[in-house]
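Listed here are the chains, written in short residue letters.
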Amino acid sequence: MTESSQSPRGDVRGARVLVVEDEPSIADVLSIALRFHGFDVSTAATVRQARHLAEHVRPDAVLLDVMLPDGDGRELGRELRSALPEAGIVFVTARDAPAEVVGALGFGDDYITKPFHIDEVVARITAVLRRTRPADVLPRRAPLRHGDLELDETTYTVRRGARSAQLTPTEYALLRFLVRNAGQIVPKEDLLRHVWQYQHPAESTVVETYISYLRRKLGTLGPPLITTRRGVGYGLT
């Protein structure tokens, strides 16, 4: 698991997420990263702790490990669904054991397999919150457009023409910043500052890495879109 940096996700900031995970190192990574992305996070290591926190915190979403030291995460998920019918429930399971969760998806919303990237966790939690939170929490926002590219600012989805692209939150934030600055070359330092929240941009290959991700995903849907000014930055053609 690796932690990514913050991307603006205004419509889910402040949502309460309960992380139920008995492995301290995993719980720490999840809680730190989710807080960094604007969520209000509580953590529990056991079924008993999770029940107590769920009653007092009333989370909007629960990230729930299947294997817990004092009980079955699936059974806990069933209890939480009954007690908190509007909360989103995302199960976490070992890579080779997704079958354990399939039956539980009758009352859960999604599942993630270990090991995972934090971008995936943020994307899944965000998607579940958009499906489960009341509609009046998510005001409709005008889409961003550039040529055949359209970014839906309400659902955080991307389309080129009639086809959609599946982007991680960081990829989406990067593309959105480029669209908002279409027609100019955006310096790498500005991208680090505005997309990754680096207050003092330093040498890093993160921009190049994510630009390559975007080129690969968008390039399958149409002609090249991102241009490079070597030694300066990037822009949209």
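For the structure itself, look to the data block above.
Residues numbered from 1 in each chain as written. Predicted model: local features only at pLDDT ≥ 70, side-chain atom pairs only at ≥ 80, totals over all residues. Heavy atoms only, no water.

A.B. asks: How would you explain the overall build of the chain if you had to name every residue and give the values?
C.D. replies: Broken down by element type, the chain carries 8 helices and 14 strands. When the 237 residues of the chain are sorted by exposure, 48% land in the buried category. Considering only contacts within the chain whose residues lie at least 6 apart along the sequence, 59% involve residues at least 24 apart. Carbon together with sulfur atoms contributes 50% to the accessible area of the chain, which is approximately 11500 Å² in total. (Helix = DSSP H or I, 4+ residues; strand = E, 2+ residues; numbered from the N terminus. Buried < 20%, exposed > 50% of the residue type's maximum accessible area, 1.4 Å probe, protein only. Contact = heavy atoms within 4.5 Å. Areas by Shrake-Rupley, 256 points an atom, 1.4 Å probe, with all protein chains shown as cover.)

A.B. asks: Break down the sheet that holds strand β12 (residues 186-187) for me, with residues and values.
C.D. replies: The 3 strands are arranged β12-β14-β13 in an open sheet whose pairing can be described as antiparallel. Sheet topology places β12 and β13 (226-229) at the edges, where each strand pairs with a single neighbour. Sitting on the sheet, helix α8 (residues 206-219) touches β13 and β14 (233-236), and the angle it makes with β13 is about 150°. (Pairing = 2+ DSSP bridges. Axes fitted to C-alpha atoms, helices over the stretch in contact; angles between N-to-C directions.)

A.B. asks: Any details on unusual backbone geometry? Residues and values, ideally.
C.D. replies: Working note: non-glycine residues mostly have negative phi, and peptide bonds are mostly trans. Along the chain, Lys114 connects to Pro115 via a cis peptide bond; the corresponding omega equals -10°. The phi dihedral of Arg58 falls on the positive side, at around 55°, and the residue is not glycine. If you trace the backbone, Arg58 turns up in the loop between α2 (47-57) and β3 (61-65).

A.B. asks: Lay out the environment of Asp60 with the relevant residues and their values.
C.D. replies: Considering the arrangement of structural elements, one finds Asp60 in the loop between α2 and β3. Relative accessible area serves as the criterion here: at 17%, Asp60 is assigned to the buried category. A polar contact of 2.8 Å, which involves the side chain of Asp60, links it to the backbone nitrogen of Arg16. (Polar contact = N/O pair within 3.5 Å; in protein donor to acceptor, adjacent residues only side chain to side chain.)

A.B. asks: Lay out the sheet that holds strand β1 (residues 16-20) with the relevant residues and their values.
C.D. replies: In space, the 5 strands of this open sheet follow the order β2-β1-β3-β6-β7, with parallel pairing throughout. Both edges of this open sheet fall to β2 (40-44) and β7 (110-114), since each of them pairs with a single strand only. Direction aside, neighbouring strands of the sheet carry axes that sit 20° apart on average. In terms of strand pairing, strand β6 (residues 88-94) meets β7 through 5 bridges, oriented parallel. Within the sheet, the bridge partner assigned to Ala94 lies in β7 and is Lys114. Helix-sheet contacts for α2 involve β1 and β2, and the interaxial angle to β2 is about 150°. Contacts between helix α3 (residues 73-83) and the sheet are confined to β1, β3 and β6, with β6 contributing the most and set at about 180° to the helix.

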